[in-house]
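# Geometric and topological summary
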Amino acid sequence: MEKDSAMNKSIFNEWKFPTVIILMLAGLVVSKWLLSLSQMILFILIITDKGGIRRQINAFKNPLVLILISVFFLHAAGLLWSDDISYGFRDIRNKIQLLTFPAMIAAIPIQNKSKSVIILKSFVLFMGLMSAINLVRYFTIHHSSDFQAALWHSHIRFSIMLCFSMFSLLWLFVRKFIAKAELIPAILLMVISGVSLIFLESFTGLVIFGLLLPFSALLHRKNIRNKSLKIISVVILLIISLGFIYTVYSVKSSFFPNTAPVKLNEVEKHTPSGNVYKHDTISTLNENGNLVYLYICREEIEQEWEKRSSMPLYKDSLWQGNILIRYLSSRGFRKDSTGIWQLTEQDITNIENKIPNYRLENIDPVRKRLYMFFWELNVYKNSNDPSGHSLTQRLEYWKAARLIIEENFWTGVGTGDVKAAFAAAYQKMNSLLDDEFRLRAHNQYLTFWVTFGVFGLILFLFSILYPVFIVPQRHNILYIGFIFIFLLSMLNEDTLETQVGLSFYALFNSLFLFVLISKDFIHPTLKK
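What comes next is a walk through the structure. (Residues numbered from 1 in each chain as written. Predicted model: local features only at pLDDT ≥ 70, side-chain atom pairs only at ≥ 80, totals over all residues. Heavy atoms only, no water.)

## Structural notes on the overall build of the chain
- Regarding its fold elements, the chain presents 22 helices and four strands.
- Its C-alpha atoms put the chain at 95 × 60 × 50 Å along the principal axes.
- Expressed as a percentage of its 528 residues, the buried residues of the chain come to 51%.
- In the chain, 72% of the contacts between residues at least 6 apart in sequence involve partners at least 24 apart.
- Side-chain charges in the chain split into 53 positive and 39 negative, and the spacing between the mean points of these groups amounts to 15 Å. (Helix = DSSP H or I, 4+ residues; strand = E, 2+ residues; numbered from the N terminus. Buried < 20%, exposed > 50% of the residue type's maximum accessible area, 1.4 Å probe, protein only. Contact = heavy atoms within 4.5 Å. Lys, Arg positive; Asp, Glu negative; His and termini not counted. Charge placed at Lys NZ, Arg CZ, Asp CG, Glu CD.)

Shown next, in the form of structure tokens:
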């Protein structure tokens, strides 16, 4: 009995920290509540562990920990030159994991190779299973053309984590940490994750993945010793790169070719029924090369559409027929009674499903996202109003951030005044953005500059990049890939302004710096 009790206690002590780390990773992927609960469990395990309190005290003496948590204290210091203290305190509360994760995880004992591999495999498994669940829900429940509707997460944050999950799985393959019995499930997880990333249609995720491919080849070049395999890898990357370039070109040239200007005296003035057409000869918005705002007769559209569909063209007295007009244009039909009756039953269904171009009906998600990107650019070019368009809204966010930086270059506006500063900037710019879309920079670098000035931005970058150049982290391909993904994500997102994004960075960054650093886990060259 005593031997069994001692053995059970030994197993518990050996696995308690790896288990709670795995629980935290599950919470990161599945549930914010589970993530919060696992942090409390971790704290209890540390203070009740033999030597745990001493390790926790020593963690706060660790220069690396102090560098990491300095970003949290920067947010606290930012209150000193803020007017809106309540907003500042809310922001500090949301950033608490920048303090707790490095401090607590630095007090966890270093995990050996086998446990480190299990921890990493667990994250890959969680991401693969969640991707599979999302795909099943998408195809069986939602019956929607929008995969994002099937998600429990922000599609952008999920796509960023998917990129790292697939990078980790590749690393496990290259390092031969995948057993023969795990080979087929691992390949299946990679395929499911890749399909999920494509269906997410996250511009941020797709760009990161596209840049991650050559970067991964560069990082793993020394691990691939077979010359033929190296050549094959280069050829595959070249084919993928050229294929993507061709896809971008073909979407732009086929969906949105350059159109010649139209003069008002060159267009017909009346419909075949004798009603008056309305023409906008200034707008260059087009679908498949057909100008959208030529040959429009709303009177005939509304009258004939009622005969073909039960979908109303008005909602709360607002015109909802833009999709219909764009779809007719994509078909090359005029926007009148004749055009309405030229539509097939499938066309009517597509319009009711809010598909603006008939060629999008069965298009792959990547080309669909590129189509949306070019459409948003065209709308912004014609109207200077990016409202409701995620990509071109960012151009407006960055303009506002630049204006704030010009006026607060050295010290920023402080932790509490970011929201007010952006609101004032949009007013000063006479921005056409609707109020609901007047958000922060959606670029973490600009956000830090806006908030804390140029010195705050430098401190933030130092806290991220300093560990990359110290031993053994500079040899850790996995860690370098993680930092690469994180740095890219911040170009197009305020990654640290959401709990999932903040937790993803703070958790994995701390794990790689303090826990998953066993020499035989990081890189084979360290054995020398």
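## Some remarks on the packing of helix α8 (residues 155-174) against helix α10 (residues 203-219)
- Viewed as axis vectors pointing N to C, α8 and α10 meet at an angle of 20°, and their least axial separation amounts to 9 Å. Judged by the angle between their axes, α8 and α10 are roughly parallel. The hand of the α8/α10 crossing is right-handed. Of the residues in α10, those in contact with I156, S159, I160, C163, M166, F167 and L170 of α8 are T204, G205, I208, F209, L212, S216 and L219.
- When grouped by side-chain class, the residues that make up the contact of α8 with α10 number 10 nonpolar, four polar and no charged. (Axes fitted to C-alpha atoms, helices over the stretch in contact; angles between N-to-C directions. Parallel < 35°, antiparallel > 145°, perpendicular 65-115°, else oblique. Left-handed = near helix turned anticlockwise from the far one by under 90°. Nonpolar A, V, L, I, M, F, W, Y, C, P; charged D, E, K, R; others polar.)

## Some points on a nonpolar patch on the surface
- On the surface, F43, I44, I47, I53 and I57 cluster together into a nonpolar patch covering about 450 Å² of accessible area.
- Elements represented by at least two residues in the nonpolar patch include exactly α2 (32-48) and α3 (52-59).
- If one sorts the elements of the nonpolar patch by residue count, α2 sits on top with three residues.
- Inspection of the secondary structure assignment puts F43 in helix α2.
- By relative accessible area, F43 is classed as partly exposed at 41%. (Patch = residues over 30% accessible without salt bridge, like charges linked within 9 Å, V, L, I, M, F, W, Y side chains within 5 Å. Areas by Shrake-Rupley, 256 points an atom, 1.4 Å probe, with all protein chains shown as cover. Salt bridge = Lys/Arg side-chain N within 4 Å of Asp/Glu carboxyl O.)

## Side note on the pattern of salt bridges
- The final tally for this structure, using the stated rule, is 19 salt bridges.
- When salt bridges that share partners are traced, they join D91, K95, R440 and E497 into one network.

## A closer look at unusual backbone geometry
- One non-glycine residue, E201, lies in the positive phi region at around 55°.
- Inspection of the secondary structure assignment puts E201 in the loop between α9 (183-200) and α10.
- Although it is not a glycine, Y295 adopts a positive phi angle of roughly 55°.
- Structurally, Y295 can be placed in the loop between β2 (290-291) and α12 (298-308).

## Comments concerning the side chain of D494
- Inspection of the secondary structure assignment puts D494 in the loop between α20 (477-492) and α21 (499-514).
- The buried charged residue D494 lacks any salt bridge, with R440 as its nearest oppositely charged partner at 4.5 Å.
- A polar atom in the side chain of D494 sits 2.6 Å from the side chain of T447.
- Sequence-distant contacts of D494, that is, excluding residues within four places in its chain, are made with R440, A441, H442, N443, Q444 and T447. (Polar contact = N/O pair within 3.5 Å; in protein donor to acceptor, adjacent residues only side chain to side chain.)

## Some thoughts on the side chain of T415
- Tracing the chain through its elements places T415 in the loop between α17 (390-407) and α18 (418-429).
- One polar contact links the side chain of T415 to the main-chain carbonyl oxygen of H75, over a distance of 2.6 Å.
- In this structure, T415 is in contact with L74, H75, G78, L79, S82, Y87, G88, D91, I92, T451 and F452, ignoring residues within four places of it in sequence.

## Digging into the packing of aromatic side chains
- Enumeration over the complete set of coordinates arrives at 34 aromatic pairs.
- The interplanar angle of 25° and the centroid separation of 5.2 Å between the aromatic rings of F256 and Y371 together place this pair among those described as stacked. Residue F256 is located in the loop between α11 (227-255) and β1 (286-287), and its partner Y371 is located in helix α16 (residues 365-383); the two are separated by 115 residues in the primary sequence.
- Under the relative-accessibility criterion, Y371 is labelled buried at 2%.
- Taken together, the ring pairs connect F123, F164, Y479, F482, F486, F504, Y505, F508 and F512 into an aromatic cluster.
- For the cation-ring pair, R334 lies above Y295, with the distance from its terminal atom to the ring centre recorded as 3.8 Å. (Phe/Tyr/Trp six-rings, centres within 6.5 Å; stacked < 30°, edge-to-face > 60°. Lys NZ or Arg CZ within 6 Å of the ring centre and 35° of its normal.)

## Quick word on the packing of α16 against α17
- Closest axis-to-axis distance for the α16/α17 pair is 7 Å, and the angle between their directions is 50°. Overall, the two elements α16 and α17 adopt an arrangement that is oblique. Of the residues in α17, those in contact with R369, F373, E376, L377 and Y380 of α16 are S390, L391, T392, L395, E396 and K399.
- Residues belonging to the contact of α16 with α17 are distributed by class as follows: five nonpolar, two polar and four charged.

## Thoughts on α20
- Look at α20: 24 Å from first C-alpha to last across 16 residues, which is about the 22 Å you get at 1.5 Å a residue.
- Of all 16 residues that make up α20, 14 are buried, and the element is covered over most of its length.
- Regarding α20, its N-cap is N476, as a side-chain oxygen of that residue lies 3.1 Å from the backbone nitrogen of L478 further along. (Expected span 1.5 Å × (residues − 1).)

## With respect to α3
- Looking only at α3, the buried set comprises G52, R55, Q56 and A59. The buried residues of α3 occupy an angular sector of 100° when projected down its axis, which confines them to one face. (Arc of directions from axis to C-beta.)

## Overview of the environment of Y249
- In this fold, Y249 is placed in helix α11.
- Separated by 143 residues in sequence, Y249 and A106 have C-alpha atoms that sit 48 Å apart.

Such coordinate-based values are descriptive only and should not be taken to indicate function.
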